[in-house]
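Okay, here's what each chain looks like letter by letter:
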Amino acid sequence: MNKPLRRIAIFCGLLVLALLIRDNWIQYVQADELRTDKNNRRVIIERYASPRGDIIVDGKPITGSKETSGSDFKWKRTYKDGAMWAPVTGYASQAFGATQLENLEDGILTGNDDRLFFRNTLDMLTGKKQEGGNVVTTLNGAAQKAAYDGLKRQGGKGAVAAIEPSTGKILALASYPSYDPSSFAGNSTTTDTKAWQKLLKKNNPDDPTLNRALRETYPPGSTFKVLTAAAALEDGLYTDADQNTKTPLPWTMPGTTTPLKNEGNIPCKNATLRAALQYSCNTVFGKIGSDLGNEKMLAMAKKFGFTEEHFTPVRANASVFGDDMNPSETALSSIGQFNTAATPLQMAMVASAVANDGTLMKPYMVDELQARSVDTIEKTEPEELSKPMSSDNAQILQSMMETVVQKGTGTNAQIPGVTVGGKTGTAQHGVDNKENPYAWFISYAKGEDGSSPVAVAVVIEDDKAVRDDISGGGLAAPIARNVMEAVIKSKK
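Cut-offs used in this document
For every chain, the first residue of the written sequence is number 1, and numbering continues from 1 onward in sequence order. Restriction of local features to residues with pLDDT of at least 70 applies here, the model being predicted, together with a cutoff of 80 or more for giving and counting side-chain atom pairs; totals for whole chains, interfaces and linings are based on all residues. Side-chain descriptors were evaluated using all non-hydrogen atoms of the structure, hydrogens and water having been removed beforehand. Angles here are taken between N-to-C directions and fall from 0 to 180 degrees, while the axes themselves are lines fitted to C-alpha atoms, restricted in helices to the stretch in contact. The numbering of helices and of strands both runs from the N terminus, where a helix is a DSSP run of H or I of at least 4 residues and a strand a run of E of at least 2. The cut-offs work like this: below 35 degrees is roughly parallel, past 145 is roughly antiparallel, 65 to 115 is roughly perpendicular, and the gaps in between are oblique. By convention the crossing between two helices is left-handed if the near helix lies anticlockwise of the far one by an angle smaller than a right angle, and right-handed if it lies clockwise. We call two residues contacting when some pair of their heavy atoms lies within 4.5 Å. Partly exposed residues are those whose accessible area sits between 20% and 50% of the maximum for their type, while under 20% is buried and over 50% is exposed, using a 1.4 Å probe and protein chains only. Only when DSSP finds a minimum of two bridges between them are two strands counted as paired. Known as pLDDT, the predictor's per-residue confidence is scaled from 0 to 100. Multiplying 1.5 Å by the helix residue count minus one yields the expected span of that helix. A pair is scored as a salt bridge if a Lys or Arg side-chain nitrogen falls within 4 Å of a carboxyl oxygen belonging to Asp or Glu. Lining residues are defined by having an atom within 4 Å of a point belonging to a cavity or pocket. Those points lie on a 1 Å grid over the protein atoms alone, cavities being sets where a 1.4 Å probe fits but cannot get out and pockets being open sets with protein on both sides within 12 Å along at least five of seven lines. Grid points are joined across faces, edges and corners, and a volume is the space filled by probe spheres set on the points. Each residue gets one of three labels, nonpolar for Ala, Val, Leu, Ile, Met, Phe, Trp, Tyr, Cys and Pro, charged for Asp, Glu, Lys and Arg, and polar for the others, Gly among them.

The protein chain carries the name Penicillin-binding protein 2 in an unreviewed UniProt entry, which gives Streptomyces viridochromogenes as its organism.

Listed below in C-alpha cells is the structure:
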C-alpha cells in the first residue's frame, strides 16, 4: 500500500474508532442523563403512557388516571377532593410538571423505579403493560377533612398540621386557600393553561399554591411559651409548675427603659409557671428567656427542631430562632415575637414532643411504597429525632397545658371525656404591628391510658376580621378540637 492510501486508511480508522467511542459513551455513560433530561419529550410521553399508581389514604386512593384523546399523552391525572389533598399530593400535570409526592415518588408512581425492575421485566416477558406502584400515606382522612373544612369555614388564610406523637406520623396537613390539581392536569391550551394562568395570576394575595403548613413561617406568638417553659424546667431555673416566679410587674426589659406589656389586666406578678401559661403572661416568659439567655434558648429551640429543614419527604422550611440577640431581644423572641418564626408543622412538633413525654419523633407522611401487586417495596420505620425534655419535666408541662384548656385561654378546645392540653397564641406582625395578628393554637389529646394519639397546630391569617376579635382561643382552638376529635373517633 502506498503512503497516501495508508494515511487515508489510518485516518478513516481513527474516524471509525471515534464514532465507536462516542456511540458507547452515549449508550452507556450518558444513557441515564439523556433518559431523564427534562427536554427529552419521550420521557414525558412515557410518564403518561400508562395510568399512574395511586396515592393512598386510609386504604383508598385519592388519585386516579383518565384516558385522553387528541394528544401523544395517553393518560392524565385525576384527584378526589383535590383542593383538600393538594398540600399532600402536589400535582402531576402533562403541561406543567409535578410537585411534592407526585414529583418525589414519580419513579414508583410511573413504574420506572429501579426497585420495580424485576416486576417490570416479568411484565415485558408476558406482554403485560408496565404499571406504576402506590404511595401509601400516614394521613387520616377524617382529620384532614376536619382541618380543611375548619379553615374553609373560617374564610381567611391558614394551615393545620397534626402528628401522632408516638411515631411522628403526619395525620393531617391542610392549607387554605388551596387549588384543585385536576384543573390543569392535562395539556389543553383552552382549559388547562387557562386554569394554570388563573392560579398563578400576578399579585394574588391568596397564593393558593403555597403550602402554608410546610413552607410558610409565622411568628408563633404565645404558643412559643411552651418551649420557653420547657427551657426553664430543663435548666432548673424552675422545678415545679406551682412554684412562684420572681417576676415583678411591671418588668422592664434589660438594657432598655421599656416595660414588657401583658395583654389586659391579668395576675402576672410573681405568677407560678402554671398561672403564667394559663393567663399567657408575657412578663414571666420574657424574663425567663432573658434570664436563660440567647444561647440556652437557642439550644432548646434546636432540640425541638428549629433552624433545620425537615423532609417528610416533602420539604418543610426551617423555623427560626435568632442566634445573636441581646437580653431584651431574647425576651421578645421567647414569647414568640421579634426573631422567632415557625411553620405549623414545627409547632405541631413542639406539642407532640411534650405529649410524648419529652421525646420528639421525626415527622413523616409516607408509610410505605407498594408495587401494583401491593407488595411492599419500602416501609418507613418511626425514628427518634431528639429528646428535648426529661419525662418528668414533660409531664409537668403537660399539667400546665391541660390547665390552659381546663380554665385558661384554651377552653374552646375541650372535648368531653378526653384530656386535652393546649396553648393559644396571638402573634403580632407588620410594621409597628399594624397588621391583623395571626391566631394560633397548639394542642394534644390524651386517651384513657395516658397515651396521646394526636398533636395539632393551627394558624389563622384573617385580614378581614375585626382586630379585637382575633385570638387563638377563638379562631384556631375550635379547629384543633375538631381535628383531635376526628382522630379519636377514627381509632375507636
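Quick look at the packing of helix H11 (residues 225-235) against helix H17 (residues 391-407) now. Packing of H11 against H17 brings their axes to within 10 Å, and their N-to-C directions diverge by 140°. Classified by the angle between their axes, H11 and H17 sit oblique to one another. The interaxial crossing formed by H11 with H17 has right-handed handedness. Along its contact with H11, which presents Val226, Ala229, Ala230, Leu233 and Glu234, the element H17 presents Asn393, Ile396, Leu397, Met400 and Met401.

Among the nine residues in strand S21 (residues 438-446), nine count as buried, and that is most of the element. Burial along S21 is two-sided: the face carrying Tyr438, Trp440, Ile442, Tyr444 and Lys446 and the face carrying Ala439, Phe441, Ser443 and Ala445 are both buried. In this structure, strand S20 (residues 419-427) lies alongside S21, joined through nine bridges in antiparallel fashion. Looking at S21, one finds that Thr424 is bridged to Phe441. Examined bridge by bridge, S21 and strand S22 (residues 454-461) share seven bridges and lie antiparallel to one another. Counterpart to Ala439 in the pairing with S22 is Ile460.

Per-residue confidence for the protein chain gives a mean pLDDT of 90; residues scoring 70 or more make up 89%. Scored below 50 in pLDDT, residues 463-470 shows 18 contacts in the model against residues more than four places distant or in partner chains.

So, on to helix H16 (residues 344-355). Residues lying three or four places apart along an α-helix face the same way, a consequence of the helix completing one turn every 3.6 residues. Helix length check: H16 (12 residues) gives 17 Å between terminal C-alpha atoms against 16 Å at 1.5 Å per residue, within 8%. Across the 12 residues that make up H16, a large majority, 12, are buried. Within the span of H16, buried status applies to Pro344, Leu345, Gln346, Met347, Ala348, Met349, Val350, Ala351, Ser352, Ala353, Val354 and Ala355. Backbone geometry just downstream of H16 places Asp357 in the positive-phi region, at approximately 55°.

Further remarks concern the packing of helix H4 (residues 82-89) against helix H8 (residues 141-154). At their nearest, the axes of H4 and H8 sit 10 Å apart, and the two run at 110° to each other. The angle between the axes of H4 and H8 places the two elements in the roughly perpendicular class. Here H4 runs over H8; the crossing is right-handed. Each of Ala83, Met84 and Trp85 in H4 lies in contact with H8, whose residues at this interface are Gly141, Gln144, Lys145 and Tyr148.

To continue, consider the sheet that holds strand S2 (residues 60-61). The five strands are arranged S2-S1-S7-S17-S18 in an open sheet whose pairing can be described as mixed. The open sheet has two edge strands, S2 and strand S18 (376-379), and neither has a second partner. Bridge count between strand S1 (residues 55-57) and S2: two bridges; the pairing is antiparallel. In the strand pairing of S2, Val57 is matched with Lys60.

On to the pattern of salt bridges, then. Proximity of charged atoms lets side chains of opposite charge pair with each other. In this structure the tally under the stated criterion is 18 salt bridges. Here Asp54 makes a salt bridge to Arg372, at a shortest N to O gap of 3.8 Å. One end of the pair, Asp54, is in the loop between helix H3 (41-47) and S1; the other, Arg372, is in the loop between strand S17 (366-370) and S18, with 318 residues separating them in the sequence. Its relative accessible area of 13% is what places Asp54 among the buried residues. By relative accessible area, which is 31% here, Arg372 ends up partly exposed. Residue Arg315 pairs with Glu309 through a salt bridge whose shortest N-O separation is 3.4 Å. Here Glu309 falls in the partly exposed class, since its relative accessible area comes to 39%. Here the residues in one salt-bridge network are Arg52, Asp54, Arg77, Glu102, Asp106 and Arg372, joined through shared partners.

Reading across from one edge, S9-S8-S22-S21-S20 is the order of the five strands in this open sheet, with antiparallel pairing throughout. Lying at the two open borders of the sheet, with one neighbouring strand each, are strand S9 (170-176) and S20. Shown here is a sheet whose adjacent strand axes are inclined to one another by a mean of 10°, direction ignored. Examined bridge by bridge, strand S8 (residues 157-163) and S22 share seven bridges and lie antiparallel to one another. Paired with Val160 across the two strands is Val458, which belongs to S22. Along the sheet, helix H18 (residues 472-490) contacts S8, S9, S20, S21 and S22; its crossing angle with S21, the most-contacted strand, is approximately 30°.

Estimates place the volume of the largest pocket at around 750 Å³. Around the largest pocket, the lining is made up of 32 residues, and of these Glu263, Asn282, Gln337, Thr426 and Gln428 lie nearest the centre. Elements with a minimum of two residues in the lining of the largest pocket: strand S11 (259-260), strand S15 (340-341), S20 and H18. The biggest single contributor to the lining of the largest pocket is S20, with four residues. By residue class, the composition of the lining of the largest pocket is 10 nonpolar, 17 polar and five charged.

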